[in-house]
Amino acid sequence: MSRIGKMPVVLTEGLEVQVADSNEVCLKKQGKELKILVRPEIEVSVDQKQLTLKRKNDEPKTKAFHGLYRALIQNAVKGLSEGWSKSLKLNGVGYKASVSGQKLEINLGYSHPISMNIPEGIDIKVEKQTQINISGADRQKVGQISAQLRSLRPPEPYLGKGVRYLDEVIRKKAGKSGAEKK
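Read on for an overview of the structure.

Rules behind the numbers
- Residues numbered from 1 in each chain as written.
- Predicted model: local features only at pLDDT ≥ 70, side-chain atom pairs only at ≥ 80, totals over all residues.
- Heavy atoms only, no water.
- Pairing = 2+ DSSP bridges.
- Helix = DSSP H or I, 4+ residues; strand = E, 2+ residues; numbered from the N terminus.
- Axes fitted to C-alpha atoms, helices over the stretch in contact; angles between N-to-C directions.
- Contact = heavy atoms within 4.5 Å.
- Phe/Tyr/Trp six-rings, centres within 6.5 Å; stacked < 30°, edge-to-face > 60°.
- Buried < 20%, exposed > 50% of the residue type's maximum accessible area, 1.4 Å probe, protein only.
- Lys NZ or Arg CZ within 6 Å of the ring centre and 35° of its normal.

1. A short note on the sheet that holds strand β2 (residues 16–19)
Thought 1: The sheet built from three strands is open, its strands ordered β2-β3-β4 with antiparallel pairing. A strand with exactly one partner marks an edge of an open sheet, and here the two such strands are β2 and β4 (32–37). Each adjacent strand pair in this sheet contributes to an overall mean axis angle of 15 degrees, direction not counted.
Thought 2: Two strands pair when backbone bridges link them, and strand β3 (residues 24–29) and β4 are joined in this way by six bridges, in the antiparallel orientation. If you follow Leu27 over to β4, its bridge partner there is Leu34.
Thought 3: Lying on the sheet, helix α1 (residues 60–81) is in contact with β3 and β4; it crosses β4 at an angle near 180 degrees.

Rendered as structure tokens:
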């Protein structure tokens, strides 16, 4: 049995859980809602304070799905109760960001500023002009937006310029050394 899949998901206070016949798990808390569509090989049952998953057969793929869907539901529960967040740092001369309404404006050394719409359910704050905090209830969306922003100008290995995660360590390479005289 899957070690992850057999553990129950403990539900927090104020969290509403509904399981539809089509194995759609709907989690609601304080106006936020996340839906997870579970494959038919996995059965979801809700007790008073916990949610358990059981698989219908012991095929290897079903075992993998057992742990996967338990982790996805656990991430949704944590996202609705605490939230997920990532921080990005802009390194470089003239690199800056600002939020105006539902748009994020970023200057990354290109000839034009980059404008990006902020998706629903995601909150983006610019602490300083060079630090962006992304938060939301859906872990996948937070990670996807962070990765998209990082891909606009990935950090380069010589000077470290670019967009990087706040806790990311960039290993710098040595530059060219001058020609030695003989």
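2. Things to note about the packing of aromatic side chains
Thought 1: Scanning all chains against the criterion turns up one aromatic pair.
Thought 2: With a centroid separation of 6.1 Å and an interplanar angle of 35 degrees, the aromatic rings of Phe65 and Tyr69 are classed as tilted. Within this pair, Phe65 and its partner Tyr69 are both found in helix α1, separated by four residues, close to a single helical turn. For the pair Phe65 and Tyr69, a shared accessibility class is recorded, and that class is buried.
Thought 3: Positioned above the aromatic ring of Tyr165 is the side chain of Lys86, whose terminal nitrogen or guanidinium carbon lies 5.2 Å from the ring centre.
Thought 4: Directly above the ring of Trp84 sits Arg139, whose terminal nitrogen or CZ lies 4.4 Å from the centroid.

3. As for the environment of Val46
Thought 1: Residue placement: Val46 occurs in strand β5 (residues 42–46).
Thought 2: By relative accessible area, Val46 is classed as partly exposed at 36%.
Thought 3: Each C-alpha atom, one on Val46 and one on Val9, is 9.5 Å from the other, the two residues being 37 residues apart in sequence.
Thought 4: Every residue in contact with Val46, bar those within four places of it in the chain, is listed here: Leu11, Val17, Val19 and Leu51.

4. Side note on the pairing of β3
The side chains of a regular strand alternate, residue by residue, between the two faces of the sheet.
Thought 1: Pairing of β2 with β3, which is carried by four bridges, proceeds in the antiparallel orientation. Each residue of the ladder has a partner; that of Val19, found in β3, is Val25.
Thought 2: Connecting β2 to the next strand, β3, in antiparallel fashion are four residues, including Asn23 with a positive phi near 60 degrees.
Thought 3: Here β3 folds back onto β4 in antiparallel fashion, the turn holding two residues, of which Gln30 has a positive phi close to 50 degrees.

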